[in-house]
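Residues per chain, in single letters:
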Amino acid sequence: FNPVTNIKFDIPKSGFVKITIFDMLGREVTTLVKESMQPGSYNVDWDASNYPSGVYFYKLETGDFKEAKRMVLIK
C-alpha cells in the first residue's frame, strides 16, 4: 500500500476491540482502535505517510479472538 491502507473486519458480538500496528521488529507503532464495539462490519484506515517503507503487521484482538496480518508499505 502507499501510503494509506484500509483494514476491514467483522465483529460477531459486542465487546472490546483493539487493532494495533507493529513494525518488523515487533515494536508497537500505533493503535487504530481501542474501544467497545457493537456487532457489525467495520473499516479503519491507517495513514502511514509518516512511516518508512517496510513490512508492518496489524493485530486484531476481541474477546478470545486474535488475528495478525502482514502489510507492505512501498513509497
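Residues numbered from 1 in each chain as written. Predicted model: local features only at pLDDT ≥ 70, side-chain atom pairs only at ≥ 80, totals over all residues. Heavy atoms only, no water.

### Section: the sheet that holds strand E6 (residues 65-73)
Taken in spatial order, the four strands make up an open sheet running E3-E2-E5-E6, and their pairing is antiparallel. Only two strands of the sheet have a single neighbouring strand rather than two, namely strand E3 (28-37) and E6. Averaged over all pairs of adjacent strands, the angle between their axes in this sheet comes to 15 degrees, without regard to strand direction. (Pairing = 2+ DSSP bridges. Helix = DSSP H or I, 4+ residues; strand = E, 2+ residues; numbered from the N terminus. Axes fitted to C-alpha atoms, helices over the stretch in contact; angles between N-to-C directions.)

### Digging into the pairing of strand E2 (residues 15-23)
If a strand is regular, its side chains alternate between the two faces of the sheet. Note: E2 against E3, eight bridges, orientation antiparallel. Looking at E3, one finds that Thr20 is bridged to Thr31. If you look at the hairpin formed by E2 and E3, you'll find four residues sitting between the two strands, and Gly26 has a positive phi there, around 85 degrees. Inspection of the sheet shows E2 paired to strand E5 (residues 54-62) by seven bridges, in the antiparallel sense. Looking at E5, one finds that Val17 is bridged to Thr62.

### What to know about the side chain of Thr20
Along the polypeptide, Thr20 turns up in strand E2. On the basis of relative accessible area, Thr20 is assigned to the buried category, the value being 1%. Those residues within four positions of Thr20 in sequence are excluded, and the remaining contacts are Glu28, Thr30, Thr31, Phe57, Tyr58 and Lys59. (Buried < 20%, exposed > 50% of the residue type's maximum accessible area, 1.4 Å probe, protein only. Contact = heavy atoms within 4.5 Å.)

All quantities given are derived from atomic positions and should not be read as evidence of function.
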